[in-house]
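Reading the structure
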Amino acid sequence: MSGRLASRSVGDQLPLRFSPLTFRSLATTEPMNDWGFTNKVPAEVVLAEGIVLRGDLHLLARPAYPPGPETPLEMLCRADPFFSLTLTDGGVAFVPKASAAVVGCRDQVVLADPDRASAARLIGLEVVLHGGAEYRGHASFELPPSRGRALD
């Protein structure tokens, strides 16, 4: 070339033509995989504004770790900014985690893990919310020996 750009036709700049993609027809007889399976857990959610929602939480049936069904605490610790709640009237609410002040679950089976139970400490808690609601109870937690407060 002699310092000049070679002229190109418009056809040289367009992508090559491919035959259109075709997809197989939707098979309605195939079962879905188990990714969407959830366990429903009866719950009551109190929002920061004081609104109370009652319904069922949807927890993963088979999380990667630890083995077994997901717990409400594990669901709340996921990176998702919201969780779903099937309301008692049949509707569905997507609740922002940042707006949930209290999540209470009824009829929860305590998972027995003797190693973790022996390492956990039982501590009394009292939580007072902005609106004046008070919650008292106990929590078990695992912390290093140098940490003994609920704040830790």
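Everything numeric here is computed off the predicted structure, so don't read it as measured data.

So, about the overall build of the protein. Assigned secondary structure in the protein consists of three helices and seven strands. Listing every helix and strand of the protein by position from the N terminus yields α-β-β-α-β-β-β-α-β-β.

Topologically, K97 is positioned in the loop between β4 (92-96) and β5 (100-105). Buried K97, no salt bridge; nearest opposite-charge side chain is D80, N-O distance 5.2 Å. Engagement of the side chain of K97 in a polar contact is seen with the backbone oxygen of D80, the distance being 2.9 Å.

Counting 13 residues, the largest nonpolar core has V45, L53, L57, F83, L85 and V95 as its most contacted members. Elements with a contribution of two residues or more to this core: β1 (38-47), β2 (52-60), β3 (82-87) and β4. The element contributing the most residues to this core is β1, with four residues. The residues contacting L53, other than those within four sequence positions of it, are A43, E44, V45, L47, L85, L87 and V95.

So, on to the sheet that holds β1. Taken together, the five strands give an open sheet; going across it, the order is β4-β3-β2-β1-β5, and neighbouring strands pair in antiparallel fashion. At either margin of the open sheet sits one strand with a lone partner, and together these are β4 and β5. Between one strand and the next, the sheet's axes are offset by a mean angle of 45 degrees, whatever the strand orientation. Of the strand pairs in this sheet, β3 and β4 are connected by five bridges, and their pairing is antiparallel. Bridging across to β4, F82 finds its partner in P96.

Using the criterion set out here, one finds five salt bridges in the structure. Salt-bridge contacts for R78 lead to D80; the nearest nitrogen and oxygen are separated by 2.9 Å. Residue class for D80 comes out partly exposed when judged on its relative accessible area of 34%. A salt bridge links R136 to E126; the shortest N-O distance between them is 3.4 Å. Linking R136 in strand β7 (residues 134-141) with E126 in strand β6 (residues 121-128), this pair joins segments that are 10 residues apart in sequence. Each of the two residues, R136 as well as E126, counts as exposed. Each of the salt bridges in this network shares a partner with another, and the network as a whole consists of E70, R78 and D80.

Of note, A79 is situated in the loop between α2 (72-77) and β3. Given the relative accessible area of 80%, A79 is considered exposed. The spacing of A79 and K97 is 18 residues in sequence and 9.9 Å in space, taken between C-alpha atoms.

Thresholds applied
- Position numbers for residues start from 1 in each chain and track the written sequence from start to end.
- Restriction of local features to residues with pLDDT of at least 70 applies here, the model being predicted, together with a cutoff of 80 or more for giving and counting side-chain atom pairs; totals for whole chains, interfaces and linings are based on all residues.
- Calculated side-chain values reflect all of the structure's heavy atoms, with hydrogen atoms and water omitted.
- The way it works is that DSSP assigns letters per residue, a run of H or I at least four long becomes a helix, a run of E at least two long becomes a strand, and they are numbered from the N terminus.
- Summary of the burial criterion: residues with accessible area below 20% of their type's maximum are buried, those above 50% are exposed, and those between are partly exposed, where the area comes from a 1.4 Å probe applied to protein chains only.
- Asp and Glu are treated as the negative residues and Lys and Arg as the positive ones, with His and the ends of the chain left uncounted.
- Between Lys or Arg on one side and Asp or Glu on the other, a salt bridge is scored when a side-chain nitrogen of the former is within 4 Å of a carboxyl oxygen of the latter.
- In protein, a polar contact requires one atom able to donate a hydrogen and another able to accept it; more generally it is a pair of N or O atoms within 3.5 Å, and residues adjacent in sequence count only if both atoms are side-chain atoms.
- Joining through side-chain atoms within 4.5 Å is the link that ties buried Ala, Val, Leu, Ile, Met, Phe, Trp, Tyr and Cys residues into a set, and such a set is a nonpolar core.
- We call two residues contacting when some pair of their heavy atoms lies within 4.5 Å.
- Pairing between strands is defined by DSSP: at least two bridges between the two strands are required.
- To define axes, lines are fitted to C-alpha atoms, for helices over the stretch in contact only, and angles between the resulting N-to-C directions are given on a 0 to 180 degree scale.

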